[in-house]
Amino acid sequence: MAHYTGLIEKYRDRLPVSADTPIISLNEGNTPLIELKNLPRLIKKNVRIYAKFEGLNPTGSFKDRGMTMAVTKAVEAGARAIICASTGNTSAAAAAYAARAGIACFVLIPEGKIALGKLSQAMMHGSVVIQIRGNFDDGMRLVQELAKTTPVNIVNSINPYRLQGQKTIAFEIIEALGDAPDYHALPVGNAGNICAHWMGYSESVCEHTRACALCNGKCEYHKEKTATRRPIMLGYQASGSAPILRGRPVENPETVATAIRIGNPVSWQQALAAQKESGGWFGECTDEEILHVQKLLAQTEGIFCEPASAISLAGLLKDLELGKIGEGTTIVCTLTGHGLKDPDIAIAQSTRPMTVDAELGPIERVIRDNLKNI
Ligand code: F0G
(Lines give C-alpha, C1' and ligand atoms only; values in the text may rest on other atoms or scores of the structure.)
Protein backbone atom coordinates (compact mmCIF):
# COMPACT_ATOMS: atom_id res chain seq x y z
CA MET A 1 0.00 0.00 0.00
CA ALA A 2 1.30 3.46 -0.89
CA HIS A 3 2.47 5.74 1.89
CA TYR A 4 -0.47 7.97 2.91
CA THR A 5 0.47 11.61 2.32
CA GLY A 6 -2.65 13.53 3.24
CA LEU A 7 -6.13 14.20 1.98
CA ILE A 8 -5.26 16.48 -0.95
CA GLU A 9 -3.13 13.77 -2.58
CA LYS A 10 -5.74 11.11 -1.84
CA TYR A 11 -8.72 13.06 -3.16
CA ARG A 12 -7.02 15.38 -5.62
CA ASP A 13 -9.57 14.63 -8.37
CA ARG A 14 -12.36 15.86 -6.08
CA LEU A 15 -10.57 19.00 -4.83
CA PRO A 16 -9.74 22.34 -6.52
CA VAL A 17 -6.02 21.69 -7.05
CA SER A 18 -3.89 21.26 -10.16
CA ALA A 19 -0.69 19.33 -10.84
CA ASP A 20 1.27 22.55 -10.12
CA THR A 21 -0.37 23.41 -6.80
CA PRO A 22 2.28 23.40 -4.04
CA ILE A 23 0.64 21.14 -1.46
CA ILE A 24 1.09 22.03 2.21
CA SER A 25 0.25 18.93 4.22
CA LEU A 26 0.93 17.24 7.53
CA ASN A 27 -0.62 13.96 6.34
CA GLU A 28 -3.98 14.94 7.86
CA GLY A 29 -7.19 12.92 7.40
CA ASN A 30 -7.45 9.11 7.26
CA THR A 31 -8.73 9.17 10.85
CA PRO A 32 -10.18 6.03 12.43
CA LEU A 33 -13.89 5.23 12.38
CA ILE A 34 -14.33 3.40 15.67
CA GLU A 35 -17.45 1.39 16.42
CA LEU A 36 -18.70 2.01 19.96
CA LYS A 37 -19.03 -1.49 21.41
CA ASN A 38 -20.08 -0.86 24.99
CA LEU A 39 -22.38 2.16 24.87
CA PRO A 40 -25.21 0.64 22.79
CA ARG A 41 -25.30 -2.27 25.27
CA LEU A 42 -25.32 0.16 28.18
CA ILE A 43 -28.27 2.13 26.80
CA LYS A 44 -29.99 -1.08 25.64
CA LYS A 45 -30.46 0.08 22.07
CA ASN A 46 -29.98 -1.99 18.96
CA VAL A 47 -28.05 0.60 16.96
CA ARG A 48 -24.59 0.79 15.45
CA ILE A 49 -22.77 3.92 16.59
CA TYR A 50 -19.43 4.86 15.07
CA ALA A 51 -17.11 7.62 16.25
CA LYS A 52 -15.08 9.36 13.55
CA PHE A 53 -12.21 10.39 15.76
CA GLU A 54 -10.96 13.64 14.29
CA GLY A 55 -8.89 14.25 17.41
CA LEU A 56 -6.29 12.03 15.75
CA ASN A 57 -5.43 14.60 13.10
CA PRO A 58 -1.93 16.16 13.29
CA THR A 59 -2.96 19.12 15.46
CA GLY A 60 -5.68 17.17 17.27
CA SER A 61 -8.82 18.40 15.52
CA PHE A 62 -10.79 18.29 12.26
CA LYS A 63 -9.53 21.77 11.42
CA ASP A 64 -6.47 20.22 9.76
CA ARG A 65 -8.66 18.94 6.91
CA GLY A 66 -9.68 22.46 5.98
CA MET A 67 -6.38 24.07 6.84
CA THR A 68 -4.31 21.94 4.45
CA MET A 69 -6.53 23.23 1.61
CA ALA A 70 -6.75 26.84 2.81
CA VAL A 71 -2.99 27.20 3.33
CA THR A 72 -2.17 25.33 0.12
CA LYS A 73 -4.37 27.72 -1.87
CA ALA A 74 -3.05 30.76 0.02
CA VAL A 75 0.53 29.77 -0.84
CA GLU A 76 -0.46 29.04 -4.44
CA ALA A 77 -1.89 32.57 -4.64
CA GLY A 78 1.36 34.01 -3.26
CA ALA A 79 0.10 34.95 0.23
CA ARG A 80 2.73 35.70 2.85
CA ALA A 81 0.43 35.78 5.87
CA ILE A 82 -2.79 34.18 7.08
CA ILE A 83 -5.20 35.31 9.79
CA CYS A 84 -8.08 33.75 11.69
CA ALA A 85 -10.41 34.33 14.60
CA SER A 86 -10.69 31.24 16.73
CA THR A 87 -12.08 29.51 19.77
CA GLY A 88 -8.77 27.61 19.74
CA ASN A 89 -8.60 24.74 17.28
CA THR A 90 -8.54 26.82 14.11
CA SER A 91 -5.69 28.86 15.57
CA ALA A 92 -3.73 25.69 16.40
CA ALA A 93 -4.18 24.33 12.88
CA ALA A 94 -3.48 27.68 11.19
CA ALA A 95 -0.29 28.10 13.23
CA ALA A 96 0.97 24.62 12.38
CA TYR A 97 0.25 24.80 8.63
CA ALA A 98 1.68 28.32 8.41
CA ALA A 99 4.86 27.02 10.05
CA ARG A 100 4.97 24.18 7.54
CA ALA A 101 4.49 26.64 4.67
CA GLY A 102 6.98 29.19 6.04
CA ILE A 103 4.44 32.04 6.13
CA ALA A 104 3.26 34.30 8.95
CA CYS A 105 0.14 33.58 11.00
CA PHE A 106 -1.97 35.94 13.11
CA VAL A 107 -4.65 34.56 15.40
CA LEU A 108 -7.37 36.45 17.28
CA ILE A 109 -8.67 34.60 20.31
CA PRO A 110 -11.10 35.56 23.08
CA GLU A 111 -9.01 36.37 26.14
CA GLY A 112 -9.16 33.65 28.79
CA LYS A 113 -11.69 31.57 26.86
CA ILE A 114 -9.62 29.08 24.94
CA ALA A 115 -8.45 25.72 26.23
CA LEU A 116 -4.84 25.50 27.39
CA GLY A 117 -3.72 22.86 24.89
CA LYS A 118 -4.90 24.96 21.95
CA LEU A 119 -3.22 28.10 23.23
CA SER A 120 0.04 26.19 23.71
CA GLN A 121 -0.12 25.00 20.10
CA ALA A 122 -0.69 28.46 18.62
CA MET A 123 2.20 29.79 20.72
CA MET A 124 4.58 26.88 20.08
CA HIS A 125 4.15 26.99 16.30
CA GLY A 126 5.20 30.63 16.35
CA SER A 127 2.01 32.41 15.35
CA VAL A 128 1.33 35.94 16.57
CA VAL A 129 -1.34 35.39 19.21
CA ILE A 130 -3.62 38.38 19.75
CA GLN A 131 -6.02 38.02 22.68
CA ILE A 132 -9.04 40.26 22.32
CA ARG A 133 -11.28 41.59 25.05
CA GLY A 134 -14.30 40.17 23.31
CA ASN A 135 -15.70 36.86 22.10
CA PHE A 136 -15.28 34.76 18.95
CA ASP A 137 -18.00 36.69 17.11
CA ASP A 138 -16.12 39.97 17.73
CA GLY A 139 -12.96 38.33 16.41
CA MET A 140 -14.74 37.05 13.32
CA ARG A 141 -16.03 40.54 12.54
CA LEU A 142 -12.55 42.02 13.04
CA VAL A 143 -10.66 39.59 10.80
CA GLN A 144 -13.05 40.32 7.96
CA GLU A 145 -12.27 44.03 8.35
CA LEU A 146 -8.53 43.36 8.71
CA ALA A 147 -8.43 41.32 5.49
CA LYS A 148 -9.57 44.49 3.68
CA THR A 149 -6.96 46.78 5.24
CA THR A 150 -3.90 44.50 5.56
CA PRO A 151 -2.25 41.87 3.28
CA VAL A 152 -3.51 38.84 5.16
CA ASN A 153 -5.47 35.85 3.89
CA ILE A 154 -8.44 34.71 6.03
CA VAL A 155 -8.42 31.00 6.86
CA ASN A 156 -11.69 30.87 8.80
CA SER A 157 -14.41 28.73 7.24
CA ILE A 158 -15.73 31.68 5.20
CA ASN A 159 -12.68 30.79 3.10
CA PRO A 160 -14.34 28.30 0.68
CA TYR A 161 -11.23 26.09 0.51
CA ARG A 162 -11.69 25.20 4.19
CA LEU A 163 -14.99 23.44 3.53
CA GLN A 164 -13.52 21.78 0.44
CA GLY A 165 -10.91 20.10 2.62
CA GLN A 166 -13.37 19.31 5.38
CA LYS A 167 -15.82 17.59 3.02
CA THR A 168 -13.35 14.68 2.69
CA ILE A 169 -14.54 13.32 6.03
CA ALA A 170 -17.69 12.10 4.26
CA PHE A 171 -15.59 10.36 1.58
CA GLU A 172 -13.67 8.46 4.24
CA ILE A 173 -16.82 7.41 6.11
CA ILE A 174 -18.47 6.11 2.94
CA GLU A 175 -15.29 4.20 2.10
CA ALA A 176 -15.21 2.63 5.55
CA LEU A 177 -18.91 1.70 5.76
CA GLY A 178 -19.51 0.95 2.07
CA ASP A 179 -22.26 3.59 2.01
CA ALA A 180 -23.43 6.66 3.95
CA PRO A 181 -24.79 6.00 7.46
CA ASP A 182 -28.48 6.56 8.28
CA TYR A 183 -27.68 9.46 10.60
CA HIS A 184 -24.70 11.73 11.12
CA ALA A 185 -24.40 13.69 14.37
CA LEU A 186 -21.96 16.54 14.99
CA PRO A 187 -21.39 19.71 17.04
CA VAL A 188 -22.33 23.05 15.53
CA GLY A 189 -20.41 26.24 16.35
CA ASN A 190 -19.61 28.55 13.47
CA ALA A 191 -21.56 25.97 11.42
CA GLY A 192 -19.02 25.38 8.65
CA ASN A 193 -18.38 21.74 9.41
CA ILE A 194 -21.98 20.57 9.09
CA CYS A 195 -22.06 22.21 5.63
CA ALA A 196 -18.76 20.54 4.68
CA HIS A 197 -20.08 17.12 5.75
CA TRP A 198 -23.23 17.68 3.71
CA MET A 199 -21.21 18.78 0.69
CA GLY A 200 -19.05 15.65 0.90
CA TYR A 201 -22.04 13.33 1.20
CA SER A 202 -23.90 15.14 -1.59
CA GLU A 203 -20.97 14.86 -3.98
CA SER A 204 -20.86 11.12 -3.31
CA VAL A 205 -24.34 10.30 -4.59
CA CYS A 206 -25.83 10.71 -8.07
CA GLU A 207 -28.52 13.27 -8.82
CA HIS A 208 -31.19 10.57 -8.95
CA THR A 209 -30.42 9.20 -5.54
CA ARG A 210 -30.31 12.71 -4.21
CA ALA A 211 -33.59 13.88 -5.61
CA CYS A 212 -35.98 11.02 -6.28
CA ALA A 213 -34.21 7.65 -6.22
CA LEU A 214 -35.19 7.19 -9.90
CA CYS A 215 -32.23 5.05 -10.86
CA ASN A 216 -32.10 3.12 -7.62
CA GLY A 217 -28.33 3.28 -7.76
CA LYS A 218 -28.08 1.93 -11.31
CA CYS A 219 -27.62 4.82 -13.76
CA GLU A 220 -24.40 5.41 -15.71
CA TYR A 221 -23.50 8.43 -13.63
CA HIS A 222 -24.13 6.52 -10.46
CA LYS A 223 -21.38 4.04 -11.27
CA GLU A 224 -18.81 6.74 -10.60
CA LYS A 225 -20.40 7.59 -7.27
CA THR A 226 -19.61 5.94 -4.00
CA ALA A 227 -22.86 6.11 -2.02
CA THR A 228 -26.52 5.32 -2.70
CA ARG A 229 -27.93 7.83 -0.21
CA ARG A 230 -27.17 10.74 2.11
CA PRO A 231 -27.55 10.64 5.89
CA ILE A 232 -30.00 12.56 8.04
CA MET A 233 -27.93 15.34 9.61
CA LEU A 234 -28.16 16.05 13.36
CA GLY A 235 -26.48 19.26 14.58
CA TYR A 236 -26.06 19.91 18.29
CA GLN A 237 -25.41 23.21 20.05
CA ALA A 238 -24.68 23.98 23.70
CA SER A 239 -27.75 25.40 25.49
CA GLY A 240 -25.93 28.63 26.37
CA SER A 241 -24.71 29.10 22.78
CA ALA A 242 -27.58 27.94 20.62
CA PRO A 243 -28.39 30.72 18.14
CA ILE A 244 -29.67 28.38 15.44
CA LEU A 245 -32.13 26.74 17.84
CA ARG A 246 -33.25 30.07 19.27
CA GLY A 247 -33.61 31.54 15.79
CA ARG A 248 -31.59 34.64 16.68
CA PRO A 249 -27.96 35.54 17.54
CA VAL A 250 -26.91 35.03 21.16
CA GLU A 251 -25.11 38.15 22.35
CA ASN A 252 -23.14 36.63 25.21
CA PRO A 253 -22.76 32.94 24.43
CA GLU A 254 -21.58 30.75 27.30
CA THR A 255 -20.66 27.08 27.57
CA VAL A 256 -18.03 24.87 29.09
CA ALA A 257 -17.45 23.63 25.52
CA THR A 258 -15.41 26.73 24.61
CA ALA A 259 -14.80 25.46 21.05
CA ILE A 260 -18.47 26.10 20.21
CA ARG A 261 -18.97 29.22 22.33
CA ILE A 262 -20.33 31.13 19.32
CA GLY A 263 -23.40 33.36 19.17
CA ASN A 264 -23.63 34.31 15.51
CA PRO A 265 -22.39 31.54 13.19
CA VAL A 266 -21.06 32.59 9.80
CA SER A 267 -22.56 29.58 7.95
CA TRP A 268 -25.95 29.77 9.69
CA GLN A 269 -28.13 29.78 6.54
CA GLN A 270 -26.17 27.05 4.76
CA ALA A 271 -26.37 24.90 7.90
CA LEU A 272 -30.14 25.34 8.01
CA ALA A 273 -30.32 24.34 4.35
CA ALA A 274 -28.30 21.16 5.01
CA GLN A 275 -30.52 20.26 7.95
CA LYS A 276 -33.70 20.78 5.95
CA GLU A 277 -32.49 18.99 2.81
CA SER A 278 -31.40 16.00 4.84
CA GLY A 279 -34.60 15.80 6.86
CA GLY A 280 -32.55 16.28 10.02
CA TRP A 281 -32.77 18.53 13.04
CA PHE A 282 -30.83 20.67 15.50
CA GLY A 283 -30.78 19.88 19.20
CA GLU A 284 -29.18 21.23 22.34
CA CYS A 285 -27.37 19.89 25.38
CA THR A 286 -26.58 21.51 28.71
CA ASP A 287 -23.02 21.76 29.99
CA GLU A 288 -23.79 18.99 32.50
CA GLU A 289 -24.96 16.67 29.74
CA ILE A 290 -21.89 17.44 27.64
CA LEU A 291 -19.44 16.74 30.47
CA HIS A 292 -21.30 13.62 31.57
CA VAL A 293 -21.04 12.11 28.08
CA GLN A 294 -17.43 13.21 27.62
CA LYS A 295 -16.57 11.17 30.71
CA LEU A 296 -18.89 8.30 29.81
CA LEU A 297 -17.19 7.93 26.43
CA ALA A 298 -13.73 8.10 27.97
CA GLN A 299 -14.59 5.50 30.62
CA THR A 300 -16.71 3.05 28.63
CA GLU A 301 -14.99 3.14 25.24
CA GLY A 302 -11.49 4.49 25.91
CA ILE A 303 -11.99 7.51 23.64
CA PHE A 304 -10.99 10.90 25.01
CA CYS A 305 -12.53 13.79 23.10
CA GLU A 306 -12.91 17.44 24.05
CA PRO A 307 -16.22 18.74 25.49
CA ALA A 308 -17.45 20.31 22.24
CA SER A 309 -16.95 16.99 20.47
CA ALA A 310 -18.85 15.05 23.14
CA ILE A 311 -22.00 17.02 22.34
CA SER A 312 -22.48 14.98 19.15
CA LEU A 313 -22.84 11.84 21.26
CA ALA A 314 -24.67 13.60 24.12
CA GLY A 315 -27.31 14.90 21.71
CA LEU A 316 -27.56 11.56 19.96
CA LEU A 317 -28.07 9.64 23.22
CA LYS A 318 -30.88 12.04 24.16
CA ASP A 319 -32.59 11.63 20.81
CA LEU A 320 -32.24 7.84 20.99
CA GLU A 321 -33.83 7.91 24.43
CA LEU A 322 -36.68 10.03 23.09
CA GLY A 323 -37.24 7.49 20.32
CA LYS A 324 -36.52 10.04 17.58
CA ILE A 325 -34.07 7.58 16.02
CA GLY A 326 -35.20 4.05 15.29
CA GLU A 327 -33.55 0.74 16.21
CA GLY A 328 -31.42 -1.04 13.63
CA THR A 329 -29.92 2.20 12.32
CA THR A 330 -26.30 3.14 11.69
CA ILE A 331 -25.09 6.44 13.11
CA VAL A 332 -21.77 8.25 12.83
CA CYS A 333 -20.73 10.89 15.38
CA THR A 334 -17.90 13.24 14.50
CA LEU A 335 -15.61 13.62 17.50
CA THR A 336 -14.09 16.88 16.33
CA GLY A 337 -11.18 17.33 18.75
CA HIS A 338 -8.93 15.45 21.17
CA GLY A 339 -9.57 15.55 24.91
CA LEU A 340 -5.95 16.55 25.54
CA LYS A 341 -6.80 19.94 24.09
CA ASP A 342 -8.55 20.85 27.31
CA PRO A 343 -6.71 19.25 30.26
CA ASP A 344 -8.22 21.66 32.80
CA ILE A 345 -11.74 20.38 32.12
CA ALA A 346 -10.63 16.76 32.29
CA ILE A 347 -8.85 17.21 35.61
CA ALA A 348 -11.67 19.27 37.14
CA GLN A 349 -14.18 16.47 36.60
CA SER A 350 -11.99 13.52 37.57
CA THR A 351 -11.06 11.93 40.89
CA ARG A 352 -7.93 13.53 42.29
CA PRO A 353 -4.92 11.21 42.33
CA MET A 354 -3.86 10.05 45.80
CA THR A 355 -0.33 10.37 47.18
CA VAL A 356 1.27 7.59 49.20
CA ASP A 357 4.73 6.74 50.47
CA ALA A 358 6.94 4.89 48.00
CA GLU A 359 6.38 1.52 49.70
CA LEU A 360 4.56 -1.71 48.75
CA GLY A 361 2.14 -1.77 51.71
CA PRO A 362 -0.04 1.28 51.08
CA ILE A 363 -0.12 0.68 47.34
CA GLU A 364 -1.20 -2.95 47.79
CA ARG A 365 -3.98 -1.72 50.08
CA VAL A 366 -5.20 0.67 47.41
CA ILE A 367 -5.21 -2.12 44.82
CA ARG A 368 -7.15 -4.51 47.12
CA ASP A 369 -9.67 -1.82 48.12
CA ASN A 370 -10.33 -0.90 44.52
CA LEU A 371 -10.58 -4.50 43.27
CA LYS A 372 -13.32 -5.09 45.87
CA ASN A 373 -15.49 -2.59 44.02
CA ILE A 374 -15.09 -4.21 40.61
N1 F0G B 1 -15.77 21.04 17.57
C2 F0G B 1 -14.59 21.61 17.81
C3 F0G B 1 -13.60 20.86 18.62
C4 F0G B 1 -14.31 22.89 17.29
O5 F0G B 1 -13.14 23.46 17.53
C6 F0G B 1 -15.30 23.57 16.54
C7 F0G B 1 -15.06 24.90 16.00
C8 F0G B 1 -16.51 22.91 16.30
C9 F0G B 1 -16.72 21.64 16.84
C10 F0G B 1 -17.60 23.52 15.51
O11 F0G B 1 -17.35 23.49 14.16
O12 F0G B 1 -17.53 25.90 13.72
O13 F0G B 1 -17.56 24.28 11.85
O14 F0G B 1 -19.50 24.45 13.41
N15 F0G B 1 -14.06 25.60 16.27
C16 F0G B 1 -13.72 26.87 15.64
C17 F0G B 1 -12.34 27.32 16.08
C18 F0G B 1 -14.75 27.91 15.73
O19 F0G B 1 -12.04 28.52 16.06
O20 F0G B 1 -11.51 26.46 16.41
P21 F0G B 1 -18.02 24.60 13.21
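*Asks:* Explain unusual backbone geometry to me, and be specific about the residues and the numbers.
*Replies:* In the Ramachandran plot, asparagine 27 falls in the positive-phi region, its phi being about 60° despite a non-glycine side chain. Summarising the element assignment, asparagine 27 is placed in the loop between α1 (7-10) and β1 (33-35). Judged by relative accessible area, which is 33%, asparagine 27 ranks as partly exposed. Positive phi, normally seen in glycine, also occurs at alanine 191, with a value near 75°. Within the fold, alanine 191 resides in the loop between β7 (183-187) and α9 (192-203).

*Asks:* Requested: an account of the site of the ligand, with residues and values cited.
*Replies:* In the vicinity of the ligand lie 20 residues, with Ser86, Thr87, Asn190, Ala191 and Thr336 positioned nearest. Contacts to the ligand include threonine 87, whose backbone N or O atom sits 2.7 Å from an oxygen atom. Within the contact set of the ligand, a nitrogen atom lies 2.7 Å away from a side-chain nitrogen or oxygen of threonine 336. When residues of the shell around the ligand are traced back to their parent elements, those giving at least two are α4 (89-101) and α9.

*Asks:* Run through the pairing of β7, naming residues and quoting values.
*Replies:* The buried count for β7 comes to five of five residues, which makes it a mostly enclosed element. Neither face of β7 is exposed, since Tyr183, Ala185 and Pro187 on one face and His184 and Leu186 on the opposite face are all buried. Sheet analysis places β7 next to strand β8 (residues 232-238), joined by five bridges and oriented parallel. When the bridges of β8 are listed, leucine 186 appears paired with glycine 235. When β7 meets strand β10 (residues 330-335), the two strands line up parallel, connected through three bridges. Bridge pairing in β10 places histidine 184 opposite valine 332.

*Asks:* So, the side chain of asparagine 156: which residues are in play, and what are the values?
*Replies:* Secondary-structure assignment places asparagine 156 in the loop between β6 (153-154) and α7 (160-166). On the basis of relative accessible area, asparagine 156 is assigned to the buried category, the value being 3%. Here alanine 85 takes part through its backbone oxygen, which lies 2.7 Å from a polar atom of the side chain of asparagine 156. Excluding anything up to four places from it in sequence, asparagine 156 contacts Ile83, Cys84, Ala85, Thr90, Phe136, Met140, Val143 and Arg162.

*Asks:* I'd like to hear about the nonpolar core, residue by residue, with values.
*Replies:* Counting 34 residues, the largest nonpolar core has Ile49, Leu313 and Leu316 as the members making the most contacts within it. Going through the elements one at a time, β2 (48-53), β7, β8, β9 (281-285), α13 (287-301), α14 (307-321) and β10 are the ones with two or more residues in this core. Per-element accounting of this core gives the leading share, eight residues, to α14. Those residues within four positions of leucine 316 in sequence are excluded, and the remaining contacts are Ile49, Leu234, Tyr236, Ile325, Ile331 and Cys333. Among the nonpolar cores identified, the runner-up in size contains 25 residues, and Tyr50, Ile194, Trp268 and Ala274 belong to it.

*Asks:* Talk me through the environment of serine 239; I want residue IDs and the actual numbers.
*Replies:* Positionally, serine 239 belongs in the loop between β8 and α11 (243-246). Each C-alpha atom of the pair serine 239 and glycine 283 lies 8.9 Å from the other, and the pair is 44 residues apart in sequence. Contacts of serine 239, omitting those with residues within four sequence positions, involve Arg246, Glu284, Cys285 and Thr286.

Thresholds, definitions, all that
Residues numbered from 1 in each chain as written. Predicted model: local features only at pLDDT ≥ 70, side-chain atom pairs only at ≥ 80, totals over all residues. Heavy atoms only, no water. Helix = DSSP H or I, 4+ residues; strand = E, 2+ residues; numbered from the N terminus. Buried < 20%, exposed > 50% of the residue type's maximum accessible area, 1.4 Å probe, protein only. Near = heavy atom within 4 Å. Polar contact = N/O pair within 3.5 Å; in protein donor to acceptor, adjacent residues only side chain to side chain. Pairing = 2+ DSSP bridges. Contact = heavy atoms within 4.5 Å. Core = buried A, V, L, I, M, F, W, Y, C linked by side-chain atoms within 4.5 Å.

Functional significance is not addressed by these values, which are geometric in nature.
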